[in-house]
Every structure is written in C-alpha cells, then in structure tokens.
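Secondary and tertiary structure notes
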Amino acid sequence: MISIDPSQNTERENYKFLIGSIIPRPIAFVTSMSNEGVLNGAPFSYFNIVSANPPMISLAIQRSGGMQKDTARNIIGSKEFVVHIVDEQNVEPINKTAASLPPNQSEIELAQLTPVKSEKISTPGVNEAKVRMECTLEQSLELGGADSPGCDLIIGRIVQFHIESNLYQNGRINPEGLAAVSRLAGNNYAKIGEIFEIERPQ
C-alpha cells in the first residue's frame, strides 16, 4: 500500500486523490439569485445531508484563485437557494451550466432550463428536476487556503420539498424512477446501477 502525506502534495494532486477515491458523489444543481436579479445555476458534487431534524444539507463551494464563486456570493447575500437532484434526464443541460459565465449572465438561460416559482423563498428553481429543495442559509464558513480561504462551506435548512408525485409513495422515494446520477473523477458520471440490501445489525 502507498502512503501519501497530503502536505507534500500540490493542491491539484490532493484534488485528484479526493475526487478519485470519494466516489460516487451526489450532485446538487443549485439556483441562486444575484443582487441584480440574475438567476444563477451551477452543479456541485461536494454536497450531502447534514441533518434530518431539522432537514439540512451542505455545499462546499471551492474558490478559484481565492475568488468566491457567484453561487456562494449569491447565497450569502440573499440567504436562500434551491437544490435540485441531478438525474439521467437533466444531466446534459445541467452540465452546460458549469460553463464560466460573467455574473450578469444566467446559466439557466444558456442551458434553456425552465424557471419555476418557489413557495417559501423568492429564488426560483427549475422545472427539469424531479426533486428540488427550497433552502434558507443556516450558516456559512470560510475554510482552508494557505493565504486566503479556499472554499465556502454552506449549510442550508430545507424549508420546502418538491417531488414528482409518481416517485413518492408511502413516504419513500423510488430510486429507479429518480434515476439520480453521481459524479466520479474527470468527465465521468455514474448511474445508480445494481441495488442490493444488507440487514443492519440490532
């Protein structure tokens, strides 16, 4: 077995190790609103559940050259955002939103996604997702970086769930119907694949 000290690696080497080993990663497609009223959309795979009581999720939004990304700046400014689950049907248009656009251009328009009004917050979601979650900002933290923060950790509290009715029965979501996709390394994604069950010990 090879042993590696991350402090002796470059940032890129650590990045490649992390995204190659921590797989598969769920993908959040996040919409946020700028102060100028531009609807921003971007996918993030540093994303997961934090808590069910209350329901909260986390996003770690990496900075580029020390500069805060539009999504982090918008969320911290407006205190709200919408998280969508990326699936087999919407992954292609959502991938287009990863393009680097200036803050005054909307990735939603670029990808020809359809804005849909939220119920509890003012930031719209998009209609092309089977699951979306309206969130308010619970907490944000600046983390990492030798000279300046390398990432904005966003904790969001979910205030409204939306799901396609045919996917949700008896309080459970049909994973085959959701057909969520996950992120691997490079340009690679994965489908759910074979599902198996192991009983948890008492």
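To be clear, the structure that these remarks concern was listed above.
Below or above, wherever it landed, is the structure these notes cover. Here the structure is a predicted model, which means the values were calculated and not measured. (Residues numbered from 1 in each chain as written. Predicted model: local features only at pLDDT ≥ 70, side-chain atom pairs only at ≥ 80, totals over all residues. Heavy atoms only, no water.)

Some remarks on the overall build of the protein
Note the threshold: Runs of H or I in DSSP of at least four residues are treated as helices and runs of E of at least two as strands, each being numbered from the N terminus. The atom set for the radius of gyration is the C-alpha atoms, and the globule formula is 2.2 Å times the number of residues raised to the power 0.38. Exposure classes here rest on a 1.4 Å probe applied to the protein chains alone. A residue is buried below 20% of its type maximum, exposed above 50%, and partly exposed in between. Only the protein chains shown count as cover for residues, and all accessible areas are computed by the Shrake-Rupley method using a 1.4 Å probe. When charges are counted, Lys and Arg contribute as positive and Asp and Glu as negative, whereas His and the chain ends are disregarded. The atoms used to mark charge sites are NZ of Lys, CZ of Arg, CG of Asp and CD of Glu.
Counting secondary structure elements, the protein contains five helices and 14 strands. The globule rule puts the C-alpha radius of gyration for 202 residues at 17 Å, and the 18 Å found for the protein is close to it. Taken over the C-alpha atoms alone, the protein extends approximately 50 × 50 × 35 Å along its principal axes. With 202 residues in all, the protein has 38% of them scored as buried. Here the protein displays about 12600 Å² of accessible surface, and carbon together with sulfur accounts for 51% of that area. For the protein, the centre of its 17 positive side-chain charges and the centre of its 23 negative side-chain charges are spaced 1 Å apart.

Here we look at the pattern of salt bridges
We apply this condition: For salt bridges, the criterion is a side-chain nitrogen of Lys or Arg within 4 Å of an Asp or Glu carboxyl oxygen.
Scanning all chains against the criterion turns up five salt bridges. For Glu88, the salt bridge is made with Lys191, and the minimal N-O distance between the two is 4.0 Å. Within this pair, whereas Glu88 is found in the loop between strand E6 (80-85) and helix H3 (91-96), its partner Lys191 is found in the segment after strand E14 (189-190), the two being separated by 103 residues in sequence. Classification of Glu88 as partly exposed rests on a relative accessible area of 33%. For Lys191, a relative accessible area of 60% translates into the label exposed. The network of salt bridges with shared partners includes Arg63, Glu142 and Asp152.

Re the nonpolar core
Nonpolar side chains in soluble globular proteins tend to end up buried together. For clarity, the threshold we go by: Within this scheme, the nonpolar core is defined by two criteria: the residues are buried Ala, Val, Leu, Ile, Met, Phe, Trp, Tyr or Cys, and they are joined through side-chain atoms within 4.5 Å. Any two residues whose heavy atoms approach within 4.5 Å at even a single point are treated as in contact.
One finds Val30, Ile57, Leu59, Phe81 and Val83 to be the most contacted residues of the largest nonpolar core, which totals 22 residues. The greatest single-element share of this core, amounting to four residues, is contributed by strand E9 (residues 131-143). Once you skip the residues sitting within four places of it in the chain, Leu59 turns out to touch Ala28, Val30, Phe44, Tyr46, Phe47, Ile75, Phe81, Asp152, Leu153 and Ile154. Formed by eleven residues, the second largest nonpolar core is a distinct cluster that contains Phe29, Val91, Val126 and Val181.

Considerations on a nonpolar patch on the surface
What counts is decided by this rule: A residue counts toward a patch only above 30% relative accessible area and without a salt bridge, and it is joined to like-charged neighbours within 9 Å or, for Val, Leu, Ile, Met, Phe, Trp and Tyr, to nonpolar neighbours within 5 Å.
On the surface, Ile2, Ile4 and Phe17 cluster together to form a nonpolar patch covering roughly 360 Å² of accessible area. Structurally, the position occupied by Phe17 is in helix H1 (residues 11-21).

Points about the sheet that holds E9
In any sheet, the strands associate via hydrogen bonds between backbone groups, in a parallel or an antiparallel arrangement. Inclusion rule: The pairing criterion is simple: DSSP has to find at least two bridges between the two strands. For every element, the axis is a line fit to its C-alpha atoms; helices are fit only across the contacting stretch, and the angle between N-to-C directions ranges from 0 to 180 degrees.
Spatial ordering of the open sheet is given by E3-E2-E6-E9-E10-E5-E4, a layout of seven strands whose pairing is antiparallel. Of all strands in the sheet, those with a lone pairing partner are strand E3 (39-44) and strand E4 (47-52), marking the two edges. Across the sheet, the axes of successive neighbouring strands diverge by a mean angle of 30°, strand direction being ignored. In the sheet, strand E5 (residues 55-62) pairs with strand E10 (residues 151-163) via seven bridges, with the strands oriented antiparallel. Looking at the pairing, Ile57 lines up with Gly156 of E10. Of the strands in this sheet, strand E2 (28-33), E3, E5, E6, E9 and E10 touch helix H2 (residues 70-78), which is tilted by about 55° from E2.

A closer look at the sheet that holds strand E1 (residues 25-26)
Ordered by their spatial adjacency, three strands build an open sheet running E1-E13-E14, and the pairing between neighbours is antiparallel. Unpaired on one side and paired on the other, E1 and E14 mark the two borders of the sheet. Pairing geometry for strand E13 (residues 182-183) and E14, over two bridges, is antiparallel. Each bridged residue has a counterpart across the sheet, and for Arg183 the counterpart in E14 is Tyr189.

Here's the deal with unusual backbone geometry
Residue Pro24 is bonded to the preceding Ile23 through a cis peptide linkage, with omega at -10°. Among the secondary structure elements, Pro24 is positioned in the loop between H1 and E1. Here the amide bond leading from Asn53 into Pro54 is cis, since omega sits at 0°, within 30 degrees of zero. Note that Pro54 resides in the loop between E4 and E5. The phi dihedral of Asn170 is positive, around 55°, even though this residue is not glycine. In this structure, Ala179 is a non-glycine residue whose phi angle is positive, near 50°.

Functional significance is not addressed by these values, which are geometric in nature.
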